[in-house]
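Tertiary structure, described
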Amino acid sequence: MAFTLSALELDLNSVERLIEYLDVPQEPPAIIETKRAPAYWPSSSSNTDLLVVENLEVKYAPELPSVINDVSFSLKAGERIGLLGRTGSGKSTLATSLMRFVEPTNGRITIDGIDISTIGVYDLRSKITFIPQDATLFSGTLRENLDPFGDHSDGECTEALRRVRMFADDTPPTQSIRPSRTPSRASSMHSEHFSTATTNIDSKPSISLDAQVSAGGTNFSQGQRQLIAMARALIRRSPIIIFDEATSSIDFETDSIIQATIREEFSGSLLLTDYDRLIILDKGKVEKHIVEFDTPWNLIQKEDGVFRSMCMKTGTFSELEDAAKAASLTQSLQT
Ligand SMILES: Nc1ncnc2c1ncn2[C@@H]1O[C@H](COP(=O)(O)OP(=O)(O)OP(=O)(O)O)[C@@H](O)[C@H]1O
């Protein structure tokens, strides 16, 4: 009898768990057959706004206060937009709502004329690249990570790796790619990850993309994983890239490579990172969450501005001021 009762209890537990699972919010459909996004969408060549955010409000639960509150802005193709704000101000929430990992409670996000809530998440997420601070890779080869559906040639994959400087400039592109077992600094990345053996057939090197990547990509450093994710974005020619910059944990050299790649390689894409204009989110201080949206030079001059006060707190205000001024001069010379 005791046996029967505990078996029944187990069964009831299973039913209870099943009911709990049924309560879990469902992932939105990957594809909505009647509302497919066109293959050419989103087009980074159009002169109209590429990304329009209107009166966006995001809450993590109905009973919780809104994390993003009545935010509106529009961005054009090719712009580089920095998203700044104190910790907890809603930067990640705003970035992830563009990918619909969190759904708005109010408002609308339109990309190249399509309200993103009306299409399947596959159509959306396959066109936008989100590179988080802790970019993860999956277990398989480096090639599979770069081009999971095998849509591109080896040459394209290799070229993308070269463009994100996974090969040292002076290293002939020959190599069998051999990830290190422990995270390494960028300076050693070139030598450790890419051996320099040439083929016997001719002296022209060929590149092997068959390096094994362990689950999560843990045999690459955090910075290298971001670079590989950037190579993937280059291969896909993503028109919109959201790049969550790691601040402290990446060594100086890898960081310089990442910055150079951002500057030089993504000129045609709308890039939410290193900036021409800044969106500054501030939660506690004001009701509206976008408090400032302007160039760094204009923002740093605002006496009571959030950006100015953030720069002051770094202890390197005059250097930042000089950098913002220099950037503004360069920009005005270019236009
Ligand atoms: N999954 C979640 N459930 C409930 N609240 C959340 C969730 N994720 C974030 N929040 C809350 O939303 C607010 C904004 O968080 P968010 O991570 O967007 O800020 P952030 O500006 O990116 O911060 P950081 O610079 O520290 O990464 C915070 O108060 C946070 O506690």
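Residues numbered from 1 in each chain as written. Predicted model: local features only at pLDDT ≥ 70, side-chain atom pairs only at ≥ 80, totals over all residues.

Under the annotation held in an unreviewed UniProt entry, the chain carries the name ATP-dependent bile acid permease and is attributed to Psilocybe cubensis.

Within soluble globular proteins, side chains that are nonpolar tend to cluster in buried spots. Residues Ile131, Leu227, Met230, Ala231, Ile241 and Ile242 are the most contacted members of the largest nonpolar core, which totals 61 residues. When residues of this core are assigned to their parent elements, the largest contribution, seven residues, is made by helix H7 (residues 222-236). (Core = buried A, V, L, I, M, F, W, Y, C linked by C-beta atoms within 7 Å. Buried ≥ 20, exposed ≤ 12 C-beta atoms within 10 Å, placed from the backbone. Helix = DSSP H or I, 4+ residues; strand = E, 2+ residues; numbered from the N terminus.)

A word on the packing of H7 against helix H8 (residues 252-265). In helix packing, the relevant descriptors are the interaxial angle and the interaxial distance, both defined with respect to the helix axes. For the pair H7 and H8, the least separation of the axes is 10 Å and the interaxial angle reads 15 degrees. For the element pair H7 / H8, the angle class is roughly parallel. Handedness of the H7/H8 crossing: left-handed. Only Thr254, Asp255, Ile257, Ile258, Thr261 and Glu265 of H8 make contact with H7, whose side of the interface consists of Gly223, Gln226, Leu227, Met230 and Leu234. Among the residues forming the contact of H7 with H8, the class breakdown is five nonpolar, four polar and two charged. (Axes fitted to C-alpha atoms, helices over the stretch in contact; angles between N-to-C directions. Parallel < 35°, antiparallel > 145°, perpendicular 65-115°, else oblique. Left-handed = near helix turned anticlockwise from the far one by under 90°. Contact = placed C-beta atoms within 7 Å. Nonpolar A, V, L, I, M, F, W, Y, C, P; charged D, E, K, R; others polar.)

This part takes up the environment of Glu159. Inspection of the secondary structure assignment puts Glu159 in helix H5 (residues 154-163). Assessed through the 16 C-beta atoms surrounding it within 10 Å, Glu159 is described here as partly exposed. Measuring from C-alpha to C-alpha, the distance between Glu159 and Arg277 comes to 30 Å, with 118 residues separating the pair along the chain.

In the vicinity of the ligand, the contacting residues are Tyr60, Val67, Gly85, Thr87, Gly88, Ser89, Gly90, Lys91, Ser92 and Thr93. Of the residues forming the shell around the ligand, the biggest block, three residues, is contributed by helix H2 (residues 91-98). (Near = placed C-beta within 6 Å.)

For the chain, per-residue confidence averages 76 on the pLDDT scale, and residues scoring 70 or more make up 73% of the total. Contacts from residues 168-207, a stretch scored under 50 in pLDDT, to residues over four places away or in other chains number 65 contacts. Note on residues 284-289: pLDDT is under 50 here. Beyond four places in sequence and across chains, it has 11 contacts. This prediction of the complex comes with two scores: 0.71 for pTM and 0.97 for ipTM. (pLDDT = per-residue confidence, 0-100.)

An ideal rise of 1.5 Å per residue puts 21 Å on 15 residues; H7 measures up with 21 Å between its terminal C-alpha atoms. For H7, the buried fraction is high: 12 of the 15 residues fall into the buried class. One or two residues past the end of H7 sits Arg237, with phi positive at roughly 50 degrees. (Expected span 1.5 Å × (residues − 1).)

Since there are 3.6 residues in each turn of an α-helix, residues three or four apart along the chain are aligned in direction. If you check H8, its first and last C-alpha atoms are 19 Å apart, about what 14 residues at 1.5 Å a residue would give, namely 20 Å. Restricting attention to buried positions, one finds in H8 the residues Thr254, Ile257, Ile258 and Thr261. Down the axis of H8, the sector holding all buried residues measures 100 degrees, keeping them to one side. In H8, the exposed positions that point more than 90 degrees away from the buried face belong to Phe252, Ala260, Arg263 and Glu264. (Arc of directions from axis to C-beta.)

Our next topic: the pairing of strand E4 (residues 106-111). Bridge count between strand E1 (residues 49-58) and E4: five bridges; the pairing is antiparallel. Each residue of the ladder has a partner; that of Glu57, found in E4, is Asn106. One ladder, built from two bridges, connects E4 with strand E5 (residues 114-115); its direction is antiparallel. For Ile111, the partnering residue across the bridge sits in E5 and is Ile114. (Pairing = 2+ DSSP bridges.)

Turning our eyes to something else, we now look at unusual backbone geometry. Here the bond from Trp41 into Pro42 is cis, since omega is -10 degrees, no more than 30 degrees from zero. Positive phi outside glycine occurs at Arg100, with the angle close to 60 degrees. The exposure class assigned to Arg100 is partly exposed, which follows from the 19 C-beta atoms found within 10 Å. Despite not being glycine, Arg165 has its phi angle at roughly 60 degrees, a positive value. Counting through the fold element by element, Arg165 comes out in the loop between H5 and helix H6 (186-193). Overall, Arg165 belongs to the buried group, with 22 C-beta atoms counted inside 10 Å.

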